[in-house]
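# Fold and geometry: a report
Here's the letter readout for the chains.
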Amino acid sequence: MNGGWRRRLAQRSVVSAVLALLLLPPGMAWGVESLKFKPGFNLFKVQQEVQLGKENAEQIDKEFPLVTDPQVLRYVNDVGRRLASFAPYNNSEYAWTFKVMDSPDINAFALPGGYIYVTRGAIMVVENEAQIAGVMAHESGHVVMRHGTHEISQALLAQAPLAILGGILGQTGSITAQLAEMGLGLGVNSILLKNSRSAESQADEVGTYILYQAGYDPHAMARFFEIIQKKYPEKTIQFFSDHPVPENRIKAVDSEIPLLGPAKEWKTNSPEFEATKERLLSLPAPPTTTPAPPPSARSSGPPPLPSSRFIRFEGKGFAIDYPDNWQVQQNEDAVALIPLGGIVEEAESGTAQAYGTSISRFQPSSSRRGNWGLIDATQELLDTMRLSNPNLRVIKQDGLKLEGRPALSTLLETDSPLQGQKERDLLVTTRQSDSLFSLIFIAPESLFDAYKPTFDAMLESLELR
Ligand SMILES: [Zn+2]
């Protein structure tokens, strides 16, 4: 119980309080206006969003085993759709389709437009209906806050002016294909499924709100997260890689609950939930082998070819032109110029650049002795690169001049982070005061010739200071 809502009531006459309640849309009396959530910037029309979700759901349904038992499906859809009917910012276009992945893992995710998946493992570990409802309410939170398309919209905005984007997304046809054309092919799946910490807190907040409105114990969602973290730490990695844990999750949820309204007789369980669990137990065990890499590790096609229009990048001690459909990523040590979709996710090392240019400075160990040579320093750099690329092979090495300075051009072959492909790298090195200035031009072997004119033009534009 809490003082806030009581105080609010006490300040008004009973009549005006009742009137206020009547004037508000059903389900909105307490919660939404006292909470902070609101969907973020978005370029997608709801229809396009649903279409994008549908296309990706079809892909997932093809690649992952699903529970097809009608009793189980009826149950999750009954619970899920009832929850959705209490969701803020709901839209009649949303599909609200709930599916069960036939996997012992504990996981759940939502695609834009209301395509929600929970695993069989998740249903088996929850203690009651309120907890699985909590998981579905959290996922519904991602849907109505439009987290997936919000992220894509941000990525698109970084790439092109709003006016152009409006036109591109206004076309009909496959949204996934349109995004792939814009270089977001690889990005879509990973963007759609990977949530940020702030998106997580928001989904928690909205999920808790939905649970409360639907009459469930609103603590149930946070309780579920607690259970899997404590009891099944080995199974939680997958879940929390898609749903990073917001700080103080339980505390945040607990402090929200009093804002939702008075405590009620909350529903925690149902005979239907127990029957569904039993039904799942009676079905053949789920396939234990992981059938496919997670969607985020798949590339759905190469980035668009480099634009012939260039932008100037001013770095520390250098400047270079790069195609205007590439992006800049930089940290203290390096600058990467990358086409959208040019970064590939790898199982072991996180992400790797498969296309574009990487610029950095290398400190050869011989530089401490003062007098050092370009060839030896380049060799030392190659040895360092070989530590993470054991199959790195030098094809040929030539001398050249960069703005009058002696430089080395080294053509390399190695394994591409794109599965099963070879990569071609052109390493260009020159001395810049006490360090080795290096540029690496990167493309899969099959596309290197297509990228070569761009690489040459970039090198031509290089200015060292
Ligand atoms: Zn989440």
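This text follows the structure it describes.
All of the points below concern the structure found in this document. Computed from a prediction, not measured in an experiment: that's the story for all the values here. (Residues numbered from 1 in each chain as written. Predicted model: local features only at pLDDT ≥ 70, side-chain atom pairs only at ≥ 80, totals over all residues. Heavy atoms only, no water.)

Now for the sheet that holds strand β1 (residues 97–101). Taken in spatial order, the three strands line up as β1-β3-β2 in an open sheet, and their pairing is mixed. At either margin of the open sheet sits one strand with a lone partner, and together these are β1 and β2 (108–111). Each strand axis lies, on average, 20 degrees off the axis of its neighbour in the sheet, ignoring direction. (Pairing = 2+ DSSP bridges. Helix = DSSP H or I, 4+ residues; strand = E, 2+ residues; numbered from the N terminus. Axes fitted to C-alpha atoms, helices over the stretch in contact; angles between N-to-C directions.)

Attention now moves to the environment of Asp105. Summarising the element assignment, Asp105 is placed in the loop between β1 and β2. Given the relative accessible area of 37%, Asp105 is considered partly exposed. In this structure, Asp105 is in contact with Thr119, Gly121 and Ala122, ignoring residues within four places of it in sequence. (Buried < 20%, exposed > 50% of the residue type's maximum accessible area, 1.4 Å probe, protein only. Contact = heavy atoms within 4.5 Å.)

Right, let's get into unusual backbone geometry. Of note, the phi angle at Glu403 is positive, near 50 degrees, even though the residue is not glycine. Within the element layout of this structure, Glu403 appears in the loop between β11 (393–402) and β12 (405–415). Its relative accessible area of 47% is what places Glu403 among the partly exposed residues. Positive phi values are uncommon outside glycine, yet Ser433 reaches one of about 40 degrees. If you trace the backbone, Ser433 turns up in the loop between β13 (422–432) and β14 (435–444).

Another aspect to go through is the pattern of salt bridges. Inspection of the entire model under this criterion finds 21 salt bridges. Measuring nitrogen to oxygen at the nearest pair gives 2.8 Å for the salt bridge that ties Asp102 to Arg120. Residue Asp102 is located in the loop between β1 and β2, and its partner Arg120 is located in helix α6 (residues 120–125); the two are separated by 18 residues in the primary sequence. With its nearest N and O atoms 3.3 Å apart, the salt bridge here joins Glu226 to Arg223. Here Arg223 and Glu226 lie together in helix α12 (residues 220–231), a separation of three residues that amounts to about one turn. The class for Glu226 is partly exposed, based on a relative accessible area of 26%. By relative accessible area, which is 36% here, Arg223 ends up partly exposed. Each of Arg312, Glu314, Asp321, Glu463 and Arg465 takes part in one network of salt bridges that share partners. (Salt bridge = Lys/Arg side-chain N within 4 Å of Asp/Glu carboxyl O.)

Contact geometry for helix α5 (residues 70–84) and helix α7 (residues 129–144): axes closest at 10 Å, N-to-C directions at 60 degrees. Note that α5 runs across α7; the crossing there is right-handed. In this structure, α5 contributes Tyr75, Val76, Val79, Gly80 and Leu83 to the contact, and α7 contributes Glu129, Ile132, Ala133, Met136 and Ala137. Of the residues in the contact of α5 with α7, the class split is eight nonpolar, one polar and one charged. (Left-handed = near helix turned anticlockwise from the far one by under 90°. Nonpolar A, V, L, I, M, F, W, Y, C, P; charged D, E, K, R; others polar.)

Below, the discussion takes up the sheet that holds strand β4 (residues 310–315). Sheet architecture is open: three strands sit in the order β4-β5-β15, paired in antiparallel fashion. Here the strands that pair on one side only, and so sit at the sheet edges, are β4 and β15 (463–464). Relative to strand β5 (residues 318–323), β4 runs antiparallel, the two being bridged by six bridges. Residue pairing across strands places Arg312 opposite Asp321, the latter belonging to β5. Against the sheet, helix α17 (residues 448–461) makes contact with β4, β5 and β15, and its axis sits at roughly 155 degrees relative to β5, the strand it touches most.

With that settled, the discussion passes to the side chain of Ser461. Inspection of the secondary structure puts Ser461 in helix α17. A distance of 2.8 Å separates the side chain of Ser461 from the backbone nitrogen of Asp321, its partner in a polar contact. In this structure, Ser461 is in contact with Arg312, Ala319, Ile320 and Asp321, ignoring residues within four places of it in sequence. (Polar contact = N/O pair within 3.5 Å; in protein donor to acceptor, adjacent residues only side chain to side chain.)

Another point: the pairing of β5. Remark: a regular strand shows side chains that alternate across the two faces of the sheet. The element β5 is largely enclosed, with a buried count of five among its six residues. The turn joining β4 and β5, which pair antiparallel and follow one another in sequence, is formed by two residues; a positive phi near 80 degrees is taken by Gly317. In this sheet, β15 lies alongside β5 in antiparallel orientation, the contact comprising two bridges. Bridging from a neighbouring strand, Ala319 pairs with Glu463 of β15.

Inspection of every chain in the model, using the stated rule, returns twelve aromatic pairs. Note on Trp96 and Phe98: the rings are 6.3 Å apart at their centroids and 10 degrees apart in plane angle, and the pair reads as stacked. The residues Trp96 and Phe98 share a single accessibility class, namely buried. Taken together, a centroid distance of 6.0 Å and an interplanar angle of 45 degrees make the contact between Phe313 and Phe318 tilted. By relative accessible area, Phe313 is classed as buried at 8%. In this structure an aromatic cluster arises from ring pairing among Tyr355, Phe441, Phe448, Tyr451 and Phe455. Its end group placed over the ring of Phe225, Arg249 keeps NZ or CZ at 3.6 Å from the ring centre. If you follow Lys264 out to its NZ or CZ, it ends over the ring of Tyr212, 4.2 Å from the centre. (Phe/Tyr/Trp six-rings, centres within 6.5 Å; stacked < 30°, edge-to-face > 60°. Lys NZ or Arg CZ within 6 Å of the ring centre and 35° of its normal.)

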